[in-house]
There are 2 protein chains.
Amino acid sequence: MKAQRQITIKQYKPSEGFISRYQKLIKDVVIPYQYDVLCDKAEGAEKSHVVQNFINAAAALHGEDHAAIQKYLSSREQKPGDAITDSGFYGMVFQDSDAAKWIEAVGYTLAVFPDKKLEETADSLIDIIAAAQDEDGYLNTYFTIKDRDKRWTNLLEGHELYCSGHFMEAAVAYYNATGKDKLLKVMLKNAEHIYRHFVTEKYEGYPGHPEVELALLKLYRATGEKHCLELAEHFINVRGVPVEGADGNFYKKEAEQRDWTVWGNNADDRYYQQSFAPVREQSDAVGHSVRAVYLYTAMADLAAETDDAELLNACKRLWESIADRRMYITGGIGSTGIGEAFTVDYDLPNDTAYAETCASCGLMFFASRMLENYPDGKYADVMERAFYNTVLAGMQLDGKRFFYVNPLEVIPGISGIAATHWHDKSQRPEWFACACCPPNVARTVAAFGTYAYGEGDGTAYCHLYAAGEVDFSFGLKLLCETDFPHGFTVRYTVSEGGGVLAVRIPDWSERTEISVNGEKISPEIKSGYAYIGVEAGDVIELILDDRARFVYSNTKAAENTGCAAVQRGALVYCFEGADNGGDVLSLSLDDGAEITAGETVPELGGVETLKVKGYRTVSEDGLYSFKKPERIPEALMAVPYYTWGNRGENQMRVWLPC
Amino acid sequence: MKAQRQITIKQYKPSEGFISRYQKLIKDVVIPYQYDVLCDKAEGAEKSHVVQNFINAAAALHGEDHAAIQKYLSSREQKPGDAITDSGFYGMVFQDSDAAKWIEAVGYTLAVFPDKKLEETADSLIDIIAAAQDEDGYLNTYFTIKDRDKRWTNLLEGHELYCSGHFMEAAVAYYNATGKDKLLKVMLKNAEHIYRHFVTEKYEGYPGHPEVELALLKLYRATGEKHCLELAEHFINVRGVPVEGADGNFYKKEAEQRDWTVWGNNADDRYYQQSFAPVREQSDAVGHSVRAVYLYTAMADLAAETDDAELLNACKRLWESIADRRMYITGGIGSTGIGEAFTVDYDLPNDTAYAETCASCGLMFFASRMLENYPDGKYADVMERAFYNTVLAGMQLDGKRFFYVNPLEVIPGISGIAATHWHDKSQRPEWFACACCPPNVARTVAAFGTYAYGEGDGTAYCHLYAAGEVDFSFGLKLLCETDFPHGFTVRYTVSEGGGVLAVRIPDWSERTEISVNGEKISPEIKSGYAYIGVEAGDVIELILDDRARFVYSNTKAAENTGCAAVQRGALVYCFEGADNGGDVLSLSLDDGAEITAGETVPELGGVETLKVKGYRTVSEDGLYSFKKPERIPEALMAVPYYTWGNRGENQMRVWLPC
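Residues numbered from 1 in each chain as written. Chains lettered and ligands numbered in written order. Predicted model: local features only at pLDDT ≥ 70, side-chain atom pairs only at ≥ 80, totals over all residues. Heavy atoms only, no water.

Trainee: Summarise the sheet that holds strand β1 (residues 5-6) of chain A; cite the residues concerned and give the values.
Mentor: Whenever strands of a sheet pair, they do so through backbone hydrogen bonds, lying parallel or antiparallel. Residue and element names in this part refer to chain A. As summarised here, the arrangement of the six strands in space is β1-β4-β5-β9-β13-β12, forming an open sheet in which the pairing is mixed. Single-partner strands in this sheet number two, and they are β1 and β12 (525-526). Relative to strand β4 (residues 453-456), β1 runs antiparallel, the two being bridged by two bridges. Considered in β4, the bridge of arginine 5 is made with glutamate 455. Here helix α15 (residues 377-393) sits on the sheet and contacts β9 (499-504) and β13 (529-534); the angle it forms with β9, its principal contact strand, is near 55°. (Pairing = 2+ DSSP bridges. Helix = DSSP H or I, 4+ residues; strand = E, 2+ residues; numbered from the N terminus. Contact = heavy atoms within 4.5 Å. Axes fitted to C-alpha atoms, helices over the stretch in contact; angles between N-to-C directions.)

Now the structure itself:
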């Protein structure tokens, strides 16, 4: 039983502010550009072939003259003959999911910014996707085009369930936003096909990349279809449970029964896809970090749906493993590029971090589901940390380039070059042909309202600060005004109805003022939330702690010993060469000094910068010296981490010696 | 033309002191144990099969009844029938080289500690090796046993030239020590075979693992055989020179012509084996670090033999690349386990370092050859740094276990466990079946006298401090008394003859007193050497700077910013959990305080320890905190880096915040 639930996408309407500016960027820049990528029409982007794969799959099933193909081609102003010029499948085995994540982001976007033309474009893409669905409900262009007989024989690498999951999420988002159920029906038929195969026909196995589990739960909630819940539960229950033979390892058993592979993934590695033990027995967050948090999200969601205390306890342990021992200050997770994975407790290298953008999106998903179980601010604190730092850093300020990997230290000449640092780029790369992170940022930003607000039992939860109007389903209407994260005042006006307003007091706000209708109050704070009874007309104002402060790391995190970082509100700051004479490696902080406001940097869109007293160490020319280097006082400048890397290649550091 | 030359092994006789204790350890523990390993008789060691491979190769060539086999088996007290019970080849493709490095170490050892029984054992091993040589001079058990037709078709991975090189070094060492030339003749015949194949018959290609080049130069000097010099020159000259076809890449061309592989090495990687450009055009030390320094050693040696200024300039650039930008304070080289390789300038991670023991041995070889070109103390400084820190750290104090990898920070729970730290063990492993590092330490320690002393044109060079008697070939006899590296007085007595004594003044000794016959002198110091005219009876005393001091790293080395290390004389110190309450991550240094003598640690054999004022940071429980952690003053204890890891698993750090 959920203590509270995320609101649905249409309950929140953004008003002018930080979030709406980002949401508009998604609508105006990211979504159109990605559509061009999907159609291989984007300049500068690698060939994607996503839409062409669907056309080719539809043609393989129904012939080239199929009405949906012809209609789609005419809508795209292509000559019909273009359709099959580039036949066959091209791209990664999970290439389909790019289309799904695009539709999902479009759904959320249409809910807040209706746009007929965009909706028509999405409709026509959905038509061609529907045409690529096999008669039995199967939907995947890789196997449909290449070899139908290989369906469901390589769960380890095949990503069929992963792609289905993304289409289910897209279907729900699009349905919630537009009321149109074409894709929803396609995906219900697909879910039924999967149910038949894995539950009715008892085919052994579970997803190589968790995703469908969390998606099935969304589909269940949108449709009430019990098989979706059962199937999600089935996949979660069988993961990591020993099978007969092959040392009990399902993926190994599966690999022994087939003579082909996609990438040659190591079926023996039970950690990579979190199958080393049944999920209820797991305690450490391990393996591929995106896989991990997608799985944990579904587990937390299912635990609430089914009141499964054992499962929920596992989620709590896994949460603590991440938040208390395996998470960067930026909300990044996954310490190594080797397997894009978690490593071990307190291993948090700044320069060789993976900290994938997608993983921080997934961490937000996990946090929001934990919040549904327990309205405890600690989950929202992490959700906020991940969003305002790693997720936003994933996107260039102009929305045109994206980081997949988010290191906390970058040194041109080493980062992106040394064998150990190949993945840590010093500038956001061009959009990749198969782009997992950009659409993940897009859908997360577009759905921000659903992470920011929740509701339950006459209580309106404000987990994150997002300017706009919220229409809670129990009758309360709320207006939120704020310049957060750069402003620290949040004003809530109850425009209709009444009930309890549960406002989160962040972990970073040690000095918080709360007033109701101009009068200061000291409400009880329970697990990070102030619970305030409200009625129509009430104005609740929150003045959050606006101090920029030094942050220290536990000494168990070896990389940060002797160092401090700077944080103000939700924003972690960093030091870039651009503001600090080109060289940040020689900087150290005076952490006894006050941090003051810095100059505005026009290229960063006028974000708040900070000035910190510190030193520049002038070392000897040689590699090592007995001579104590001189330290010259210098005013250091810090910018929000999410804005780094927007001014060309330069050094960057979050943690400085102090 | 060499400015001075290493002395040969018999010119130095150790007297009681630090070096002789290590040399005795090699003789009493390492050499007997390794011989048992080679014969698969060592308890606890993995199967080696080295000697059996030679028996099997000899049997393949001459039949099981061959006299050498029978004689060897009876000498080992094995029943003749044992010989072929384990037929075939077993082990790494370069397994033979273990026998070679053992014989080399035995040679050096016999030169200083004659031992009839050990010599007989070595003789009998040499007999069986000789019996495994093919009629045409070819010597390699892998190809002789497995497939003669594949000889010389996989220089990339096959290690035939590498193994030949080690046997040439062994042959010269054994001949110099014992005067016995059986192995020398075997290897001259082998060299002639290689010369015929690569020079006379113009077979394209060069060693996948440089080694034979430096060995051929030793063989040339021991025998005067011109073909050895020519062949070394040939291999050095053709490396990296574009071939016809295969993008000019010899290894790729070779790979295209064969249908088998040993490990599937990437023939496209031109950096791994330093073939990205002709050697005279190379400037950055790249690729597999042992391969690199073995190659540079040969280049520096050849440049002196042939007065090749262009080659020597390349050596100088490569030296600077290492010593000025790519070397740990411990003299370790190779920053990554990925390819056991150099990375890029100033990339010197402490916790994920590779810093292979063998690579530091190789760095000593390179330094000693550069010294032969230029008697400049900077080369000896690095040679000393590598020896007293990384090379010695490679061996447990009891001589029974060995580090291959020498990190500068170890955290149990991360080191050896995280995917990025798999190679950085927190304790010295058992002897591996194929043991490259232990015999490399053995031969380097056993031949220490040849690195310590050199001679040229009436000048006796004292590069390193090693107690003992040196018999310079121009008639000067010198007695050196010292407790170095723990004592700082070095006394030289000229017992016979006269000339110039060139005594190195180390870079770390800023305050050095020199006296002759009790009278202080201030001789001219030229490139790090004091040149003093001496005659029989003279006593020259050197009092070196015995201060323990803090060392600072160039701020370009990101890993060490805000930190200091501690060094006294040649010894770099480290902080271990064993002496510091189990936790060194929370320690920081007061680098304004004096460093004093620490308590004796009996388990470390009474080495000098140091006491440093510092602090223990008591951080909050959580991962991150705004609260400035308390720093409690504490007396920290440091031990020489070479002694670390001798007291069970614990944390270790060389660099501490200050």
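Trainee: Can you tell me about the sheet that holds strand β10 (residues 513-516) of chain A, naming the residues and giving the values?
Mentor: All names here are of chain A. One open sheet holds the seven strands; their spatial order is β2-β6-β7-β8-β14-β10-β11, and the pairing between them is antiparallel. Edge strands, defined here as strands with exactly one partner in the open sheet, are β2 (12-14) and β11 (519-521). Here the average twist between neighbouring strands, direction ignored, is 20°. Pairing of strand β6 (residues 468-471) with strand β7 (residues 477-482), which is carried by four bridges, proceeds in the antiparallel orientation. Of the residues in β7, the one forming a bridge with glycine 468 is cysteine 480.

Trainee: For the relation of the copies chain A and chain B, give the residues involved together with the corresponding values.
Mentor: For the pair chain A and chain B, the best superposition has an RMSD of 0.1 Å and corresponds to a rotation of 180° with a translation of 0.0 Å parallel to the axis. Here the two chains are linked by the operation of a two-fold rotation axis. When the interface residues of chain A are mapped onto chain B, 100% of them are again interface residues, pointing to one common binding face. (Least-squares fit on C-alpha atoms with pLDDT ≥ 70 in both.)

Trainee: Before we move on, can you summarise the packing of aromatic side chains with the specific residues and values?
Mentor: Evaluated as defined, the whole model comprises 80 aromatic pairs over all chains. Geometrically, the ring pair formed by Phe387(A) and Phe448(A) is tilted, given 4.5 Å between the ring centres and 45° between the ring planes. Highlighted residues: Phe387(A) in helix α15 and Phe448(A) in helix α17 (residues 448-452), separated in sequence by 61 residues. As far as burial versus exposure is concerned, Phe387(A) and Phe448(A) are alike and both buried. Judged by centre distance (4.9 Å) and plane angle (15°), the ring pair of Phe403(B) and Trp644(B) falls under stacked. With Phe403(B) in the loop between α15 (377-393) and β3 (409-410) and Trp644(B) in the loop between β22 (630-640) and β23 (652-653), the pair connects residues that are 241 residues apart, well separated along the chain. In this structure Phe403(B) comes out as buried when scored by relative accessible area, which is 1%. Connected via pairs of aromatic rings, a cluster forms that spans Phe18(A), Tyr22(A), Phe387(A), Tyr388(A), Phe448(A), Tyr465(A), Phe484(A), Phe488(A), Trp508(A) and Tyr642(A). (Phe/Tyr/Trp six-rings, centres within 6.5 Å; stacked < 30°, edge-to-face > 60°. Buried < 20%, exposed > 50% of the residue type's maximum accessible area, 1.4 Å probe, protein only.)

Trainee: Go over the interface of chain A and chain B with me, naming the residues and quoting the values.
Mentor: If you look at the interface, chain A gives 59 residues, while chain B gives 59 residues. For chain A, the biggest contributors to the area lost against chain B are Leu623(A), Tyr624(A) and Phe626(A); these three give 21% of the whole. Linking chain A with chain B are two salt bridges, by the criterion used here. Residue Lys628(A) pairs with Asp591(B) through a salt bridge whose shortest N-O separation is 2.9 Å. Breaking the side of chain A that touches chain B down by element, the ones donating at least two residues are α13 (309-325), β15 (548-553) and β21 (624-625) of chain A. With five residues, β15(A) is the single largest residue contributor to the side of chain A that touches chain B. (Buried area = accessible area lost by both parts, 1.4 Å probe. Salt bridge = Lys/Arg side-chain N within 4 Å of Asp/Glu carboxyl O.)

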